[in-house]
Amino acid sequence: MQNNTQQLNDTLISKSLAAADYVPTLDAMLARTLARIDLKKQQGLRTPDELWIVDHNDVYTLGQAGKEEHILQRTNTPIIKTDRGGQVTWHGHGQLVLYWLFDLNSLGWSVRNLVSHAEQAIEDVINDCLQNPSSSDPTIISAHARRDAPGVYLYADTSVADDSDDAPANSPSLDDKIMLGKMASLGFKIKHGFSYHGIAINLNCDLSAFNAINPCGYAGMQMLRLSDFVDMQKESEVHTTQPISDLLSYEVVTQKLIDNIAKRHAGLIELRALAPK
């Protein structure tokens, strides 16, 4: 398991973990959070927040209140009970996982702020990527969070675009859009004002792993991946002479998201109005 650390701003660092098994990663994340809580309580120290970028080995994780009934089929993939919120989900290669080890009180964030920043960061990056679709289909695809179900979902808008000056940009209403499925999941744990766990976004993973569960406890929920909607560079193409700017890649999307989260952490991106219920 590789561990690369990078300073993102004065109070935020990132750590990258490749081919990471779930249990030792969870243990390390909890240990770090408890150590930070202790330092703040005993010495009043504000330690740097941490954003962990993780490429997990295949695993199913069941949230603290998770129900076994949402596991439809037992496979060779381990099932781990964990302490985050939410039901059952899958992590594995080709999925981007980011754990937010943040001191919410020092940031002045509520738990709702944390969730909204996470969802809106995903929306920003996915919608930016969707500007380069993989086909000439005129259907407009966009990413949106929902108040009734945490996560970020893709919607299709097949209506004719309204070019009038009165048409609101990025209208929050989803009534005229068709939900295609879910691309990103969220699950946090808060302990003494410190967050850990985080978000998972399907970039170019094998979605068949989700067939064995009700993803996040929703029977029949269609899981989506970004590579089915935009041109993404395959691993075999990484070392070709094709310009990187021509195609998105797992690494490019990851960096876009890290940059967006770092700006939010520094107060440079404010929260938008919450998604409609």
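Note that the structure is a prediction, hence the values are computed from the model and not measured.

Engineer: Is there a simple way to explain the overall build of the chain in this structure?
Structural biologist: Broken down by element type, the chain carries four helices and 11 strands. Per-residue burial over the chain gives 48% buried out of 277 residues. Working note: accessible area of the chain is about 13800 Å², and carbon and sulfur atoms make up 49% of it.

Engineer: What am I meant to see in unusual backbone geometry here?
Structural biologist: Of note in this structure, His197 is not a glycine but carries a positive phi near 65°. For His197, the position within the fold is in strand S11 (residues 194–202). At Cys216, a residue that is not glycine, the phi angle is positive and equals roughly 60°. You can see Cys216 is positioned in the loop between S11 and helix H4 (250–265). Residue classification places Cys216 among the buried positions, given a relative accessible area of 18%.

Engineer: What should I look at first to understand the packing of helix H3 (residues 111–129) against H4 in this one?
Structural biologist: When two helices pack together, their arrangement is captured by the angle between the axes and the distance separating the axes. Between H3 and H4, the shortest axis-to-axis distance is 9 Å and the interhelical angle comes to 140°. It follows that H3 is oblique to H4 by the angle criterion. Both H3 and H4 take part in a crossing whose hand is right-handed. Contact residues: H3 offers His117, Gln120, Ala121, Ile122, Asp124, Val125, Asp128 and Cys129, while H4 offers Val253, Lys256, Leu257, Asn260, Ile261 and Arg264.

Engineer: How should I be thinking about the sheet that holds strand S4 (residues 59–62) in this particular structure?
Structural biologist: Sheet strands pair by backbone hydrogen bonding; their relative direction is either parallel or antiparallel. Spatially, three strands are ordered S5-S4-S6 in an open sheet, and the strand pairing comes out mixed. The open sheet has two edge strands with one neighbour each: strand S5 (79–81) and strand S6 (88–91). Across the sheet, the mean angle from the axis of one strand to that of its neighbour is 30°, orientation sign disregarded. Two strands pair when backbone bridges link them, and S4 and S6 are joined in this way by four bridges, in the antiparallel orientation. Within S6, the position partnered with Leu62 by the bridge is Val88.

Parameters and conventions
Residue indices follow the written sequence of each chain, beginning from 1 at its first position. Residues qualify for local features only when their pLDDT is at least 70, as the model is predicted, and side-chain atom pairs are given and counted only at 80 or more; totals for whole chains, interfaces and linings, by contrast, use all residues. Computation of side-chain values covers all heavy atoms of the structure but excludes hydrogens and water. In DSSP terms, a helix is any run of H or I states spanning at least four residues, a strand is any run of E spanning at least two, and both are numbered starting from the N terminus. Only protein chains enter the area calculation, which uses a 1.4 Å probe; residues under 20% of their type maximum are buried, those over 50% are exposed, and those in between are partly exposed. Here, Shrake-Rupley sampling with a 1.4 Å probe gives the accessible areas, and only protein chains in the shown set may cover a residue. Note on geometry: axes are lines fitted to C-alpha atoms, helical ones only across the stretch in contact, with angles between N-to-C directions running from 0 to 180 degrees. Orientation categories follow fixed angle ranges, with anything under 35 degrees roughly parallel, anything over 145 roughly antiparallel, 65 to 115 roughly perpendicular, and all other angles oblique. Each crossing gets its hand from how the near helix is turned against the far one by less than a right angle, where anticlockwise is left-handed and clockwise is right-handed. Residues count as neighbours in contact if any of their non-hydrogen atoms are within 4.5 Å of one another. When DSSP finds at least two bridges between two strands, those strands are taken to pair.

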